[in-house]
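Overview (structure and organization)
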Amino acid sequence: MHEQPGRSWSLGDLARASSMSRTTFAQRFRDVAGTPPLAYLINWRMLLAQRELRDSDTRVGALAFTLGYSSESAFSSAFKRHLGESPTSYRLRLRDTS
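Scope of this entry: the structure provided in the associated data block. (Residues numbered from 1 in each chain as written. Predicted model: local features only at pLDDT ≥ 70, side-chain atom pairs only at ≥ 80, totals over all residues. Heavy atoms only, no water.)

1. A few points about the overall build of the chain
When helices and strands are tallied, the chain shows six helices and zero strands. A buried classification covers 34% of the 98 residues belonging to the chain. Contacts in the chain between residues far apart in sequence, at least 24 positions, make up 50% of those at least 6 positions apart. Taken as a whole, the chain presents about 6,200 Å² of accessible surface, with 49% of it coming from carbon and sulfur. (Helix = DSSP H or I, 4+ residues; strand = E, 2+ residues; numbered from the N terminus. Buried < 20%, exposed > 50% of the residue type's maximum accessible area, 1.4 Å probe, protein only. Contact = heavy atoms within 4.5 Å. Areas by Shrake-Rupley, 256 points an atom, 1.4 Å probe, with all protein chains shown as cover.)

2. Details of helix H2 (residues 22–33)
Because an α-helix packs 3.6 residues into every turn, residues spaced three or four apart end up facing the same way. Its 12 residues give H2 an end-to-end C-alpha distance of 16 Å, which sits within 8% of 16 Å, the value for a rise of 1.5 Å per residue. Gly34 sits one or two residues past H2 and shows a positive phi near 80°. (Expected span 1.5 Å × (residues − 1).)

3. Some words on the pattern of salt bridges
For the structure shown, the criterion picks out four salt bridges. Taking the shortest distance from any N to any O, the salt bridge between Arg93 and Glu85 comes out at 2.7 Å. Residue classification places Arg93 among the partly exposed residues on the basis of a relative accessible area of 41%. (Salt bridge = Lys/Arg side-chain N within 4 Å of Asp/Glu carboxyl O.)

4. What to know about the nonpolar core
Counting residues in hydrophobic clusters, the biggest one holds 13 residues, and the most contacted among them are Tyr69, Phe75 and Phe79. Every element with two or more residues in this core is listed here: helix H3 (37–55), helix H4 (60–66), helix H5 (72–83) and helix H6 (87–96). Not counting chain neighbours up to four residues away, the residues in contact with Phe79 comprise Met46, Ala49, Gln50, Leu53, Gly84, Glu85, Ser86, Pro87 and Tyr90. Of all hydrophobic cores here, the second largest spans seven residues; its members include Trp9, Leu14, Phe25 and Leu41. (Core = buried A, V, L, I, M, F, W, Y, C linked by side-chain atoms within 4.5 Å.)

5. Here's the deal with the packing of H3 against H6
At a closest axis distance of 9 Å, the pairing of H3 and H6 adopts a crossing angle of 50°. When the axes of H3 and H6 are compared, the pair comes out oblique. Where H3 crosses over H6, the two elements pack in a sense that is right-handed. The residues of H6 that touch H3, namely those facing Gln50, Glu52, Leu53 and Arg54, are Pro87, Tyr90, Arg91, Leu94 and Arg95. Taken together, the residues of the contact of H3 with H6 break down into four nonpolar, one polar and four charged. (Axes fitted to C-alpha atoms, helices over the stretch in contact; angles between N-to-C directions. Parallel < 35°, antiparallel > 145°, perpendicular 65-115°, else oblique. Left-handed = near helix turned anticlockwise from the far one by under 90°. Nonpolar A, V, L, I, M, F, W, Y, C, P; charged D, E, K, R; others polar.)

Have a look at this one:
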């Protein structure tokens, strides 16, 4: 998940990569990480997005596809839901304070 954040991961994929059943993997992951696996993946993608938006001039559309979103719109919606502002607003706000 960390090495391939843009991959279209499913719970089954993650369980297979860990050689566990889906139920066992999901429970063990939640016990260790404190969050369900796919929620963790979204959080990881959003952290990577924040870093990229802060530190580079990568276009939002390109970043969306790199992080596994099917469109810029889908990524922007997820980003706004997660952080309360659009990727472009986030980038502009951070650059205005620098």
